[in-house]
Amino acid sequence: MSRPALLPLYINGRFEEEGQRFDNISPVDGRLLNQAVEADAAQVARAVQAASDALQGPWGRYSVPERAALLHKVADGIQARFDDFVAAEVADTGRPLHLARTLDLPRAIANFRTFADLAVAQVDDCCETPQADGGLLFNYTVRKPLGVVAVIAPWNLPLLLLTWKLGPALAMGNTVVCKPSEETPSSAALLAEVMYNAGVPAGVFNLVHGFGPGSAGEFLTRAPQISAVSFTGESRTGSAIMKAVADGVKDISFELGGKNAAVVFADADFDAAVAGVARSSFFNTGQVCLCTERVYVERPIFDRFVAALKARAEGLKLGYPDEDGVDLGPLVSRQHREKVLSYFALAREEGAVVITGGETPQFGDARDQGAYVRPTIWTGLPDHARCVREEIFGPVCHIAPFDDEEEVLRRVNDSPYGLACALWTQRLDRAHRLARRVQVGIVWVNAWYARDLRTPFGGSKLSGLGREGGRHSLDFYSEISNVCVKL
Ligand SMILES: NC(=O)c1ccc[n+]([C@@H]2O[C@H](COP(=O)([O-])OP(=O)(O)OC[C@H]3O[C@@H](n4cnc5c(N)ncnc54)[C@H](O)[C@@H]3O)[C@@H](O)[C@H]2O)c1
Ligand SMILES: N/C(=C\C=C\C=O)C(=O)O
């Protein structure tokens, strides 16, 4: 049997194949896709040192327009290999081809172009302060790179989320060491090839594959020369990373877990709300941090809404990524499916009414070796049920009735998470009033996962620390100083 393809590390402008290897398994049919090199502590240390050295090299002398031009070249490189990146993302995640083509790739390209352009357009503050002696103080802001930024990404939107951090980090003159998820290493490996071919100076972008604790992820966060960690992943991992960087008082930007709510009022556009909640609950097989897992429906339309959402869920096509009309792929791995299935069992123990789903499909073909689950809807659970409080991260939601605004607001806010919320109502006065009182970072009204990259993105409580997007990213990835001149 031919040896599986190997995804190398990329350190200081060189591809490295030395090291222990780990398997990358298809969530569609369980076959071996390729292997990746697991970076050891020495390799991670070399990557961080290369990034640190690169700050003093040519990259440190690039102007903002020159950095922006290079990031546009990277975007051009991704565009030129669009189909290769789609194939890599689809192989690792099993997602429908159309999803990778319409979301993951366009956003990866936009993440570089948007922050290249925002960096060039960025104008900083200055002010004059008259003095009692008739003199003047002239204050102005100076923006410098933070230094070496560790970027650690999850598996659910691998390229989108890696480049969401890379774009602004590089635009602001930092150097980076990236650690993609062990579940989805392939598109990051392609990105390293694009960076190399675009002429990104050696050491500016470094890629290490591996796991978290006791592996590349932890080695990276504990490296003394890193200045900041930009992390996307589970809340408990965020806590672990916070501890790892605490002694060094490093800058952190965390995009963490969620247990997001959708609220459907009786006056909502019913069909739009059903379609919107079906999308927010089952999109990417429920593997988006912003996905809805708690649905609250005003009592007069509750039964009708449950029936309509059931019909939608049962109409979704589970299939191979390239199948015509496929809506849902598998979960990212058998291991993650075990977690989701454990909640399917827990829901029954907690007394849920299973409206639809709650089991694995039987295809009778290779997909039975994959990680598919059926889209699932529950009702009947109390608000304190673990299935209503804990992030499941699968195609599942619980629907509960409510009677008035104050009640539903209390219940929506009764969560350790605070990432996103979708409000479905045609009374926009109510929507604006509620949007200000929901304890989340992102509120959509009559929409879900509609994005403008200039807006602040992030969560409160266990859902994260900080905001990225637009000037928030430029600020996080900059060391901002004030210069005060007496005139
Ligand atoms: N808020 C957001 O924008 C957002 C976006 C996507 C995913 N997420 C969250 O991510 C989770 C799913 O992704 P996941 O399973 O990959 O998360 P995860 O926390 O298990 O892993 C994320 C990344 O962190 C690495 N890692 C794990 N432990 C580490 C440690 N101790 N030190 C350093 N690195 C470590 C992993 O190898 C991986 O690359 C969900 O909770 C989801 O809500 C949040
Ligand atoms: N950060 C973003 C999405 C996060 C998705 C979470 O799974 C984005 O769209 O910029």
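Structure shown above.
Since this is a predicted model, take the numbers as computed values, not measurements. (Residues numbered from 1 in each chain as written. Chains lettered and ligands numbered in written order. Predicted model: local features only at pLDDT ≥ 70, side-chain atom pairs only at ≥ 80, totals over all residues. Heavy atoms only, no water.)

### Overview of the overall build of the protein chain
Now for step 1: The secondary structure content of the protein chain amounts to 15 helices and 23 strands.
Now for step 2: Expressed as a percentage of the 487 residues in the protein chain, the buried residues total 57%.
Now for step 3: Once local pairs closer than 6 in sequence are excluded, the contacts in the protein chain between residues at least 24 apart make up 74%.
Now for step 4: When the accessible surface of the protein chain is totalled, it reaches about 19,200 Å², and 52% of it is carbon and sulfur. (Helix = DSSP H or I, 4+ residues; strand = E, 2+ residues; numbered from the N terminus. Buried < 20%, exposed > 50% of the residue type's maximum accessible area, 1.4 Å probe, protein only. Contact = heavy atoms within 4.5 Å. Areas by Shrake-Rupley, 256 points an atom, 1.4 Å probe, with all protein chains shown as cover.)

### Brief notes about the site of ligand 2
Now for step 1: In the region of ligand 2, the neighbouring residues are Arg107, Asn156, Leu157, Leu161, Trp164, Glu255, Val288, Cys289, Tyr449, Arg451 and Phe457.
Now for step 2: Interatomic distance of 2.7 Å between a side-chain N/O atom of Arg107 and an oxygen atom of ligand 2.
Now for step 3: Between an oxygen atom of ligand 2 and a side-chain N or O atom of Tyr449, the distance comes to 2.7 Å.
Now for step 4: Contact with the protein chains removes 99% of the 310 Å² of surface that ligand 2 exposes when unbound.
Now for step 5: Broken down by class, the residue content of the shell around ligand 2 amounts to 7 nonpolar, 1 polar and 3 charged. (Near = heavy atom within 4 Å. Polar contact = N/O pair within 3.5 Å; in protein donor to acceptor, adjacent residues only side chain to side chain. Nonpolar A, V, L, I, M, F, W, Y, C, P; charged D, E, K, R; others polar.)

### Brief notes about the packing of helix H9 (residues 270-282) against helix H10 (residues 302-314)
Helix packing geometry: the angle between the two helix axes and the distance between the axes.
Now for step 1: Interhelical geometry of H9 versus H10 gives an angle of 50 degrees and a closest axis separation of 10 Å. Comparing the axis directions of H9 and H10 gives the class oblique. Remark: the crossing between H9 and H10 carries right-handed chirality. Only Arg304, Phe305, Ala308, Leu309, Arg312 and Ala313 of H10 make contact with H9, whose side of the interface consists of Phe270, Ala273, Val274, Ala275, Val277, Ala278 and Phe282. (Axes fitted to C-alpha atoms, helices over the stretch in contact; angles between N-to-C directions. Parallel < 35°, antiparallel > 145°, perpendicular 65-115°, else oblique. Left-handed = near helix turned anticlockwise from the far one by under 90°.)

### Digging into the environment of Tyr62
Now for step 1: By the secondary structure assignment, Tyr62 is in the loop between helix H1 (41-55) and helix H2 (64-80).
Now for step 2: For Tyr62, a relative accessible area of 24% gives the class partly exposed.
Now for step 3: With 13 residues separating them along the chain, Tyr62 and Gln49 place their C-alpha atoms 20 Å apart.
Now for step 4: If we skip the residues at most four places from it in the chain, Tyr62 touches Arg67, Leu70 and Pro201.

### As for the packing of aromatic side chains
Now for step 1: In this structure the tally under the stated criterion is 20 aromatic pairs.
Now for step 2: With centroids separated by 5.0 Å and ring planes inclined at 45 degrees, the aromatic side chains of Trp59 and Tyr62 adopt a geometry described as tilted.
Now for step 3: Site record: aromatic cluster; members linked through ring pairs are Tyr10, Phe15, Tyr196 and Phe205.
Now for step 4: A cation over an aromatic ring shows up here: Arg304 above the ring of Phe270, its NZ or CZ 3.7 Å from the ring centre. (Phe/Tyr/Trp six-rings, centres within 6.5 Å; stacked < 30°, edge-to-face > 60°. Lys NZ or Arg CZ within 6 Å of the ring centre and 35° of its normal.)

### As for the pattern of salt bridges
Now for step 1: Evaluated as defined, the whole model comprises 33 salt bridges.
Now for step 2: Notably, a salt bridge pairs Arg113 with Asp76, separated by 2.6 Å at the nearest N-O pair. Highlighted residues: Arg113 in helix H4 (residues 97-121) and Asp76 in helix H2, separated in sequence by 37 residues.
Now for step 3: Among the residues examined, Arg113 registers a relative accessible area of 25% and is labelled partly exposed.
Now for step 4: Its salt-bridge partner being Arg81, residue Glu193 comes within 2.6 Å of it at the nearest N-O pair. In this pair, Glu193 sits in helix H6 (residues 186-198) while Arg81 sits in the loop between H2 and helix H3 (82-93), placing the two residues 112 residues apart along the sequence.
Now for step 5: Looking at Glu193, the relative accessible area reads 30%, which means it is partly exposed. (Salt bridge = Lys/Arg side-chain N within 4 Å of Asp/Glu carboxyl O.)

### What to know about the site of ligand 1
Now for step 1: Neighbouring residues of ligand 1: 30 residues in total, closest Lys179, Glu182, Thr237, Leu256 and Glu391.
Now for step 2: Between ligand 1 and the protein, one listed contact pairs an oxygen atom with a side-chain N or O atom of Lys179 at 2.6 Å.
Now for step 3: Out of a free accessible area of 850 Å², ligand 1 has 92% covered by protein chains.
Now for step 4: For the shell around ligand 1, the secondary structure elements donating two or more residues are helix H7 (216-221), strand S11 (226-232) and helix H8 (235-246).
Now for step 5: Top contributing element to the shell around ligand 1 by residue count: H7, with 3 residues.
Now for step 6: The residue inventory of the shell around ligand 1, partitioned by class, reads 15 nonpolar, 9 polar and 6 charged.

### A few points about the sheet that holds strand S7 (residues 136-145)
Now for step 1: What the 3 strands build is an open sheet, ordered S6-S7-S23; its pairing is antiparallel. Single-partner strands in this sheet number two, and they are strand S6 (126-130) and strand S23 (478-486). Neighbour to neighbour, the strand axes of the sheet diverge by 25 degrees on average, direction disregarded.
Now for step 2: When S6 meets S7, the two strands line up antiparallel, connected through 5 bridges. Each residue of the ladder has a partner; that of Pro130, found in S7, is Leu136. (Pairing = 2+ DSSP bridges.)

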